[in-house]
Every structure is written in structure tokens, then in C-alpha cells.
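Residue-level structure breakdown
Next come the chains, spelled out residue by residue.
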Amino acid sequence: MNANLLIVEDDDRVRAALRLAMEDEGYTVTEAENGEVALGLLREHGAPDVMTVDLMLGGMDGFSCIREIRREHDVPIIVLSGRDDTHDVVAALEAGADDYVVKPFEIKEITARMRALRRRAQPTAEPPPPPELALDADPDSPLLLSPEAGTVRRGEDDVHLTVTEFRLLCELAETPGRVLSRSALLERVWDRGHFGDERIVDVHVRRLRTKIEKDPSDPAIVVTVRGLGYRLDVQR
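Here's a quick rundown of the structure. Keep in mind that this is a model prediction, so the values were computed, not measured. Numbers given for residues are sequential positions, taken from 1 along each chain in its written order. Owing to the predicted nature of the model, reporting of local features is limited to residues with pLDDT of at least 70; listing and counting of side-chain atom pairs is limited to 80 or more, with chain, interface and lining totals taken over all residues. Based on all heavy atoms of the structure, the side-chain values leave hydrogens and waters out of the count.

With that settled, the discussion passes to the overall build of the protein. Only DSSP runs of H or I covering at least 4 residues are called helices, and only runs of E covering at least 2 are called strands; the numbering of each starts at the N terminus. What the protein contains, in helices and strands, is eight helices and 12 strands. Taking 18 Å as the expected radius of gyration for a compact globule of 236 residues, we find that the protein reaches 18 Å, a close match to that expectation. By principal-axis analysis of the C-alpha atoms, the protein measures approximately 55 × 40 × 35 Å. Sorting the 236 residues of the protein into buried and exposed places 47% on the buried side. Counted over contacts in the protein with a minimum sequence separation of 6, partners at least 24 positions apart contribute 55%. Carbon and sulfur atoms make up 48% of the accessible area of the protein, which totals about 11900 Å². Positive residues here are Lys and Arg, negative ones are Asp and Glu, while His and the chain termini are left out of the count. Where a charge sits is defined by one atom per residue type, namely NZ (Lys), CZ (Arg), CG (Asp) or CD (Glu). Averaged over its 31 positive side-chain charges, the protein has a centre that lies 3 Å from the centre of its 46 negative ones. Atoms counted for the radius of gyration: C-alpha only. Globule rule: 2.2 Å times residue count to the power 0.38. Think of it in three bands: with a 1.4 Å probe and only protein chains considered, a residue is buried below 20% of the maximum accessible area for its type, exposed above 50%, and partly exposed in between. We call two residues in contact whenever any of their non-hydrogen atoms come within 4.5 Å of each other. Working definition of accessibility: Shrake-Rupley area with a 1.4 Å probe, residue cover restricted to the visible protein chains.

Next comes the structure, spelled out in C-alpha cells:
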């Protein structure tokens with residue numbers, strides 16, 4: 001079955017060119033010329049397999065569109081934008097995007113990144129990990145990670161993570177107490193290795209901390225090891 005792609009782009013020529021190229025790659029493509037139309041399509045038809053979102057949209061901008069999508073959906077989102085300023089990259093990732101590509105781009109690069117995002121969103125045939133890991137054993141509000149079930153709970157409440165945030169947490173939890181460099185996390189979580197932008201790792205770590213740490217400004221579970229990377233510390 002072909003994967004479904006939703007393109008959110010207000011430039012008719014860019015949108016048409018991207019649609020033709022992605023249909024040639026085997027995608028079933030739906031178009032939205034602005035964020036409002038995109039949100040309407042998601043409400044009516046549910047989430048596609050992957051989305052691309054431009055930042056400079058008429059009406060609702062791309063940042064707001066992504067934030068609204070993230071209220072309801074974990075669909076992989078790639079930002080395609082002509083803006084390459086660090087502030088824009090970080091703001092888009094913090095809004096909930098999974099990846100960021102600067103225009104102009106090569107179609108093969110976009111399709112490779114889409115495949116990587118979709119692989120992370122799909123179950124694998126690997127042996128199942130332990131059913132539940134206690135990352136924080138606080139008796140009043142334990143933090144429990146269930147890699148097999150794809151869930152995280154703080155006490156009785158579900159913690160809603162995006163696909164990328166969940167994959168990042170699982171990678172860190174596989175080797176608690178061990179430092180993983182940003183390049184290693186790019187390789188394992190984004191399938192990008194040294195060719196990726198390490199800012200993506202930093203922003204997703206910050207987003208993850210806001211959801212699992214009791215005090216995100218003073219993290220105790222996902223800690224920074226200056227100059228080396230990140231480490232997961234189990235709280236006993």
C-alpha cells in the first residue's frame with residue numbers, strides 16, 4: 001500500500017512540483033495551501049503517514065500549524081523552508097517538527113528522511129524489549145516506560161510523546177548510566193549520523209524533559225554531560 005503524504009505549502013508551483021515528484025516516488029499525495037485547510041483535512045480524514053509543512057504560510061503560520069497538529073496527532077512532520085536561521089530551525093523543532101530541510105532541496109534527500117521517519121513510527125521485527133522500565137521509582141508518581149506497548153506513564157497519567165521523543169527516550173533507556181553523544185543519537189534515532197544537524201538532538205531533549213522531568217530546568221533523568229552528550233539516570 002502506498003504511503004499517504006500531506007503537503008502543506010502556499011506556493012502553487014512548489015506544491016505542484018513536490019506533488020509530482022513524490023507521486024513518482026510512490027506516495028499518495030494530498031495538498032493543503034494553508035494551515036487551516038491542513039487541520040481540516042486531519043479532522044476529516046485522520047493523520048497521513050507523513051507530512052511536510054512550510055513555515056511561511058498565508059494566515060496561520062507553519063509554527064502554529066505544527067503546534068495545533070501536535071495537540072492531536074503524532075504524525076511525522078518535516079519542515080521544508082527557505083529560512084535557515086538557527087532561531088527558525090529551533091523554533092520549528094520545539095513546536096513539534098521531527099526534521100527540518102532548507103529549500104532548495106533534492107527529492108532523494110526528502111524521500112530518504114521520510115523513510116527514516118516512517119521506519120521509526122512502525123513496529124519492527126526485533127525481539128521485544130522488557131515490558132516496563134521504571135525510570136523514576138518515586139512511590140507517589142513513578143515514571144514508567146513500556147517500550148513494547150509504546151507508552152510512558154507518570155503515576156496514573158499517560159505522558160504523550162511524539163514518535164521521535166519516544167524513540168529518543170528508548171535509546172537512552174537502553175543503556176542507563178552511559179553517555180550517548182549527539183552524533184550517536186542522530187545515527188540511532190534519526191538515521192543521519194554525522195550528516196545530521198545536532199541542534200535537532202538538543203531541541204528534542206529539551207522537549208522530552210518538559211514532559212518527563214519533575215523540574216525541566218534542573219533535569220535528573222535525562223542529564224547533560226558537558227562536551228560529551230546525554231545520559232539517562234534512573235531515579236531510585
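Backbone-to-backbone hydrogen bonds pair the strands of a sheet. The strands run either parallel or antiparallel. Each pair of strands is called paired provided DSSP finds at least two bridges between the two strands. Within the open sheet, the five strands sit side by side as β2-β1-β3-β4-β5. Their pairing is parallel. Of all the strands in the sheet, just β2 (28–32) and β5 (99–102) have a single pairing partner and so form its edges. Neighbouring strand axes in the sheet, compared pairwise and without regard to direction, differ in orientation by 20 degrees on average. The pairing of strand β4 (residues 77–81) with β5 spans four bridges and is parallel. Considered in β5, the bridge of Ile78 is made with Asp99. Lines fitted to the C-alpha atoms define the axes, with helices restricted to the stretch that makes contact. Angles between their N-to-C directions range from 0 to 180 degrees. In the packing of helix α3 (residues 62–70) onto the sheet, the strands contacted are β3 (50–53) and β4, and the crossing angle to β4 comes to about 175 degrees.

This paragraph deals with the pattern of salt bridges. Only one rule defines a salt bridge in this text: a Lys or Arg side-chain nitrogen within 4 Å of an Asp or Glu carboxyl oxygen. Inspection of the entire model under this criterion finds 23 salt bridges. Between Asp54 and Lys103 there is a salt bridge, with its nearest N and O atoms 3.7 Å apart. Of this pair, Asp54 sits in the loop between β3 and α3 while Lys103 sits in the loop between β5 and α5 (107–121), placing them 49 residues apart in sequence. A relative accessible area of 5% places Asp54 in the buried class. Classification of Lys103 as partly exposed rests on a relative accessible area of 22%.

Here we come to helix α4 (residues 86–95). Taking burial as the measure, the 10 residues of α4 include seven buried ones, the bulk of the element. Within α4, the full set of buried residues consists of Asp88, Val89, Val90, Ala91, Ala92, Leu93 and Ala95. Along its buried surface, α4 packs onto α3, β4, β5 and α8 (199–212). Gly96 occupies a position one or two residues after α4 and carries a positive phi of about 135 degrees.

A few words now on the environment of Lys103. In the structure, Lys103 is positioned 32 residues away from Arg71 in sequence and 27 Å away in space, judged by C-alpha atoms. Dropping the residues within four chain positions of it, Lys103 is found in contact with Glu9, Val14, Asp54, Leu80, Ser81 and Gly82. Residues adjacent in sequence count toward polar contacts only when both atoms are side-chain atoms; beyond that, a polar contact is any pair of N or O atoms within 3.5 Å, and within protein one must be able to donate a hydrogen and the other to accept it. Within the structure, the side chain of Lys103 is placed 2.8 Å from the side chain of Glu9, a separation counted as a polar contact.

Before going further, it helps to spend a moment on the sheet that holds strand β12 (residues 229–232). Taken together, the three strands give an open sheet; going across it, the order is β10-β12-β11, and neighbouring strands pair in antiparallel fashion. Edge strands, defined here as strands with exactly one partner in the open sheet, are β10 (179–180) and β11 (222–225). Relative to β12, β11 runs antiparallel, the two being bridged by four bridges. Its bridge partner being in β12, Val222 is matched across the sheet by Leu232. Where α8 meets the sheet, it contacts β11 and β12, and its direction lies at approximately 145 degrees from that of β11.

Our focus in this paragraph is the nonpolar core. Among the buried residues, those of types Ala, Val, Leu, Ile, Met, Phe, Trp, Tyr and Cys that are joined through side-chain atoms within 4.5 Å form a nonpolar core. By size, the foremost hydrophobic cluster in this structure holds 54 residues, and its most contacted members are Met51 and Leu169. With residues up to four places along the chain from it excluded, the contact list for Met51 reads Leu5, Leu6, Val8, Leu42, Ile69, Val75, Pro76, Ile77 and Ile78. Listed in part, the 14 residues of the second largest apolar core include Leu18, Val50, Val101 and Leu117.

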